[in-house]
Amino acid sequence: MLHIILGGAPGSGKGTLSEIIVNKYGLQHLSTGDVLRAEIASGSPLGKEIDALISKGNLVPDQQMIQLLESYLDNLSPDCKGVIFDGFPRTVEQARALTIMLAKRHMEAYMLDLYAEEDVIMARLIHRGKTSGRADDNYDTIKNRLRIYNEMTKPISDYYLKLHRYFMINSNINPECTFSQIDVILSGLYK
Ligand code: ATP
Ligand code: MG
């Protein structure tokens, strides 16, 4: 089974592109942000802990996220073509754990890294914040998420580059332009 890791900063277009990819390639979509927000919405004690982290733009601890992925992979149907991982891995530790989890299950993954300039990202997220209702779509929290992205998440690009499993995608213009680049790659990978 071949999976796609959709990387990139907050606001780089991971959610939007995931939807377009799912429609054409029939992959399954896992947004760890959506899973965590569902836990918060359930009102559970765990959800309250997660809320305190996410609403400030901080990351959920690696061990918790790795466990979430492990049980997701265990519950995958065997006829699944592949998964789009949107929001995971977010640290090098998560990336290393994913490599091991996939190897154990005879699975593999390529990273598609969505790149957009910081002013483009800021404008998109501020705009989304007007309607998204997300506690983390406000100026100060976005700044913190970008800082954490640069510090903790960006190094995973290098990790996948060194594994020769890396594609850089320009996501500055619009979803159609971004998808046309992804389409060329996926049509090669999912023959
Ligand atoms: P966008 O949806 O615009 O790409 P984003 O990547 O910041 O923005 P989500 O992926 O929805 O948003 O994640 C929201 C928050 O959930 C993150 O800021 C973080 O607190 C938490 N989160 C999601 N995935 C992980 C992960 N793999 N490790 C740690 N925290 C995570
Ligand atoms: Mg998202």
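Residues numbered from 1 in each chain as written. Chains lettered and ligands numbered in written order. Predicted model: local features only at pLDDT ≥ 70, side-chain atom pairs only at ≥ 80, totals over all residues. Heavy atoms only, no water.

Would you mind showing me how to read the overall build of the protein here?
Each helix and strand in the protein was counted, giving 9 helices and 5 strands. Ordered by position in the sequence, the α and β elements of the protein form the string β-α-β-α-α-α-β-α-β-α-α-α-β-α. Its C-alpha radius of gyration of 16 Å places the protein within 12% of the 16 Å reference for a compact globule of 191 residues. Here the protein holds 191 residues, and the buried ones make up 46% of them. Pairs at least 24 residues apart make up 77% of the contacts formed inside the protein by residues separated by at least 6 positions. For the protein, the exposed area adds up to about 9,800 Å²; of that, 56% sits on carbon and sulfur atoms. (Helix = DSSP H or I, 4+ residues; strand = E, 2+ residues; numbered from the N terminus. Rg over C-alpha atoms; globule rule 2.2 N^0.38 Å. Buried < 20%, exposed > 50% of the residue type's maximum accessible area, 1.4 Å probe, protein only. Contact = heavy atoms within 4.5 Å. Areas by Shrake-Rupley, 256 points an atom, 1.4 Å probe, with all protein chains shown as cover.)

Is there a simple way to think about the sheet that holds strand β1 (residues 2-8) in this case?
Each strand in a sheet pairs with its neighbour through backbone hydrogen bonds, running either in the same direction (parallel) or in the opposite one (antiparallel). In spatial order, the strands read β2-β3-β1-β4-β5; together these 5 strands make up an open sheet with parallel pairing. Each having just a single partner strand, β2 (28-31) and β5 (166-170) make up the two edges of the open sheet. Geometrically, the sheet is characterised by an average inter-axis angle of 20 degrees between neighbouring strands, direction not taken into account. For β2 and strand β3 (residues 83-86), the ladder comprises 4 bridges, and the chain directions are parallel. By the bridge assignment for β3, Gln-28 is matched with Val-83. Along the sheet, helix α8 (residues 155-162) contacts β1, β4 (108-115) and β5; its crossing angle with β4, the most-contacted strand, is approximately 135 degrees. (Pairing = 2+ DSSP bridges. Axes fitted to C-alpha atoms, helices over the stretch in contact; angles between N-to-C directions.)

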